[in-house]
Every structure is written in structure tokens, then in C-alpha cells.
Amino acid sequence: FAGIVTTPPANVLFKGIAARMSVYQPPVSGQQSSTALIQLQTQTETKVGSIQVGWTIDPELYGDSRARLFTKWSEEHDGTVDGCYNTLCSGFVVTNPNIPIDTAFNDVSISQRSQVFQWMMVTLDPLSQDWWLSMQDDNIRIGYWPRELFSFSGFSVGGYNATWGGLVHTGTDVSPAMGSGIFEDGNYNSTCNMVKVQVNIGNTFVSPYDNPVQVLQSRCFKASKQNTHPDYRFQFGGPGGLPNACVA
């Protein structure tokens, strides 16, 4: 993983998360996957619940190497994990079939040539206590995660942890590329990035300037801190490969 994570102020929970993320399609094959996501998480001493949305390339899941819209929910408790991607199990409820979950993006970013962005937002409904996914600049509602998915009450009131970034997986020693496959700090034309990074506090979406933001990096993959862009923005990614081939 490479990206950023933040927690809310004391006695406050996040009511949502959002970002405008650049969509890339790095080369992925076999047992590899490469993902860009936003995630909300809540936990107790014995349970952890999470909601994710973003784009992913996963040949084992989809049978091809295209960048696709994905959602995921999970709950870990008593040594077991419940949940699934998209609508592969009872979970995410689609309300707008015009933007299918798991649809492939026809347009993707090309380093140094063109940038394609997608706005994604997850918001807690204060009445139903369901979590809604909205997309595109006009916040089209796609569907929701019912509160009943989670066996504990934490997610019905908010999330304690918000994460943005990239995640890769491999069944071999060789990791796939993350993001654009390039990390050049400050070069937003070649490096995967997210802009308008926001959390919902008090039913208002705000940039996480006033919260402690931690930058997480691992192995071949890097992330940057917020730059001077007026809308909170950061970069992440890397080429992957064998661990001993990574440049420090």
C-alpha cells in the first residue's frame, strides 16, 4: 500500500469520504492486481468493518486486464471475514444501472499525455444509516451499502479511519505496477494522484488539513504529502517488480 490515512478529532466520526482520482491502467497479469481506492473503516476491540470504492485491475476477478470500477465491503470478527466485491454476494444495492458496478473505463490516463479523473464519494445517510456511493461531478447516486451488512453499530454512526491511495497484490514474488507505474514527486502529468481529498465532518465535506495525516509507503511504492494545491492533492504509485529491484 502507498497513500495517506487520517483519523477524526476526539469524539467525532467521519460521515463520509471523497476524492477525484486519476484513472490509469498499468500492466497486470495472472495472480496480480492493482487498485486505487478510498476507504472508510470502523472497528471495535473484536471487529473491523470497511467500505472501499475506486478502480482496480484484477484478471482473476474479471478475466481481463482493464481498469474497472469496483466496490468492496468487509467485516472481520472472531477470526472470520465476511464481505465481497461489487454484487458478488448480498451487500451493495444498485439503484442506478446506468453506471454499472464493475464497468470498465473506456478512457484512462496516459502519462505525460492526458489525465482522466473520476469523482467518487461515500456518504452516510443520517436517517437510514446506510452508506451511499455517488460518482461524477454531479454526484449521481449509484447505490448503497445497507447498515444491516455490519453486525455492530459502529458503521451506523460513522467511520474512525479514512484512507486514500494504491494497493497491489501478487501471488508471486513480482509485484505489479501501482497507479501509473511511475512515481515522480511533483509531476502530476505522469504520476497517479488524487485531488479534492475530503472527509465529511458534521455533515460537511472538508479537506483534512486540520487532522493528522500520515503518509504510508511500502517496498516499491511511494506517496507524497499534500502540496500547495488549493484542493488537497497527493500522489502515489511505483513500478513494482522484484523487491531487490526497488530503488530506495
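Here the structure is a predicted model, which means the values were calculated and not measured.

Asker: For this particular structure, what's the right way to read the overall build of the protein chain?
Answerer: Of regular secondary structure, the protein chain possesses one helix and 16 strands. Taken along its principal axes, the extent of the C-alpha atoms in the protein chain is 50 × 40 × 35 Å. Classification of the 248 residues of the protein chain by burial places 51% in the buried group. Within the protein chain, contacts between residues separated by at least 24 positions form 68% of all contacts whose residues are at least 6 apart in sequence. When the accessible surface of the protein chain is split by element, carbon and sulfur atoms take 48% of a total near 11,200 Å².

Asker: Would you mind showing me how to read the pairing of strand β9 (residues 131–135) here?
Answerer: Side chains on a regular strand alternate between the two faces of the sheet. Among the five residues that make up β9, five are buried, leaving the element largely enclosed by the rest of the structure. Linkage of strand β8 (residues 117–124) to β9, two consecutive antiparallel strands, is achieved through a turn of six residues, within which Q129 is found at a positive phi near 65 degrees. Between the end of β9 and the start of strand β10 (residues 140–145), which pair antiparallel, lie four residues, with Q136 showing a positive phi angle near 65 degrees.

Asker: Whenever I open this one, the state of the cysteines confuses me. Can you help?
Answerer: Applying the stated criterion across every chain, the model contains one disulfide. Here C84 pairs with C89 through a disulfide, and the sulfurs are 2.1 Å apart. Taking the torsion about the sulfur-sulfur bond, which here is approximately -90 degrees, the covalent link between C84 and C89 counts as left-handed. Here C84 falls in the buried class, since its relative accessible area comes to 12%.

Quick notes on the rules
- Residues numbered from 1 in each chain as written.
- Predicted model: local features only at pLDDT ≥ 70, side-chain atom pairs only at ≥ 80, totals over all residues.
- Heavy atoms only, no water.
- Helix = DSSP H or I, 4+ residues; strand = E, 2+ residues; numbered from the N terminus.
- Buried < 20%, exposed > 50% of the residue type's maximum accessible area, 1.4 Å probe, protein only.
- Contact = heavy atoms within 4.5 Å.
- Areas by Shrake-Rupley, 256 points an atom, 1.4 Å probe, with all protein chains shown as cover.
- Pairing = 2+ DSSP bridges.
- Disulfide = S-S within 2.5 Å.

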